[in-house]
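Summary of structural features
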Amino acid sequence: LHTRRLRALCDAVVVGAGTVRHDDPRLTTRDCPGPSPVRVVIDTDRRLGPDYGVFREGPPTLLLCAEDVAGEAPGRAELLRLPRGAGGGLDPSAILRALAARGLRRIFVEGGGLTVSRFLAAGCLDRLHVTVAPVLLGSGIPAFTLPEVPRIADGLRFAWTVHALEPDVLFDIPLDLSLIHI
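Residues numbered from 1 in each chain as written. Predicted model: local features only at pLDDT ≥ 70, side-chain atom pairs only at ≥ 80, totals over all residues. Heavy atoms only, no water.

1. A look at the overall build of the chain
- Along the backbone of the chain there are five helices and eight strands.
- Beginning at the N terminus, the succession of helices and strands in the chain can be written as α-β-α-β-α-β-β-α-β-α-β-β-β.
- Its C-alpha atoms give the chain a radius of gyration of 17 Å, near enough to 16 Å, the size a compact globule of 182 residues would have.
- Taking the principal axes of its C-alpha atoms as reference, the chain extends roughly 45 × 40 × 35 Å.
- Across the 182 residues of the chain, 38% fall into the buried class.
- Carbon and sulfur atoms form 54% of the exposed surface of the chain, whose accessible area is close to 10600 Å². (Helix = DSSP H or I, 4+ residues; strand = E, 2+ residues; numbered from the N terminus. Rg over C-alpha atoms; globule rule 2.2 N^0.38 Å. Buried < 20%, exposed > 50% of the residue type's maximum accessible area, 1.4 Å probe, protein only. Areas by Shrake-Rupley, 256 points an atom, 1.4 Å probe, with all protein chains shown as cover.)

Right, dumping it as structure tokens:
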């Protein structure tokens, strides 16, 4: 419910291709008042097919891929081609500029871990919401994938506010972008 409320406050919600592939999310505001945001899927190499819900129904969906990749937009999605960044993926800053050019300025980067990590490493996030749930799932996809630091003192450390979202706990972390040097 908290995530759906956050979506209602934003112009666009961003997820990576892995999140769509593994979860087939709707990315809407169902169960709470407010408009559903434009759904933005980052699929750099344009591998997702039209069978996912975000491409078949619901609010508008933008599929972002690299400009050097062939293929059409799946289903009802609109395809937006962007240049590749230095690491071969799409540059988070370029994504935000492209979305702003469409009037989408309040952006919720929802997941997954790789997508959030890329935006964090690029200094393109101003706040993190990290939820800890009393559920053990075993091995899986890490919440953050960032370069290792040589010492604990070199890690990212932030102030936070804790909120109970029974039975989970939410850490609301405002980011000081001047401290992020990854």
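The discussion continues.
2. Structural notes on helix α4 (residues 92–101)
- Of all the residues in α4, the buried ones are P92, A94, I95, A98 and L99. Each buried residue of α4 sits inside an arc of 160° when the element is viewed along its axis, so together they form one side. Facing away from the buried surface of α4 by more than 90 degrees, the exposed residues are R97 and A101.
- Phi turns positive, to about 85°, at G103, one or two residues after α4. (Arc of directions from axis to C-beta.)

3. A closer look at the environment of G85
- With respect to the helices and strands, G85 occurs in the loop between β4 (78–82) and α4.
- Note: C-alpha distance between G85 and L9 (76 residues apart in sequence) is 29 Å.
- Look past the residues within four positions of G85 in its chain and what remains in contact with it is L90 and D91. (Contact = heavy atoms within 4.5 Å.)

4. A closer look at the sheet that holds strand β2 (residues 38–42)
- Across the sheet, five strands lie side by side as β4-β3-β2-β1-β5; this open sheet has parallel pairing. The open sheet has two edge strands with one neighbour each: β4 and β5 (107–111). Adjacent strand axes in the sheet meet at a mean angle of 25° when their direction is disregarded.
- Of the strand pairs in this sheet, strand β1 (residues 12–16) and β5 are connected by four bridges, and their pairing is parallel. (Pairing = 2+ DSSP bridges. Axes fitted to C-alpha atoms, helices over the stretch in contact; angles between N-to-C directions.)

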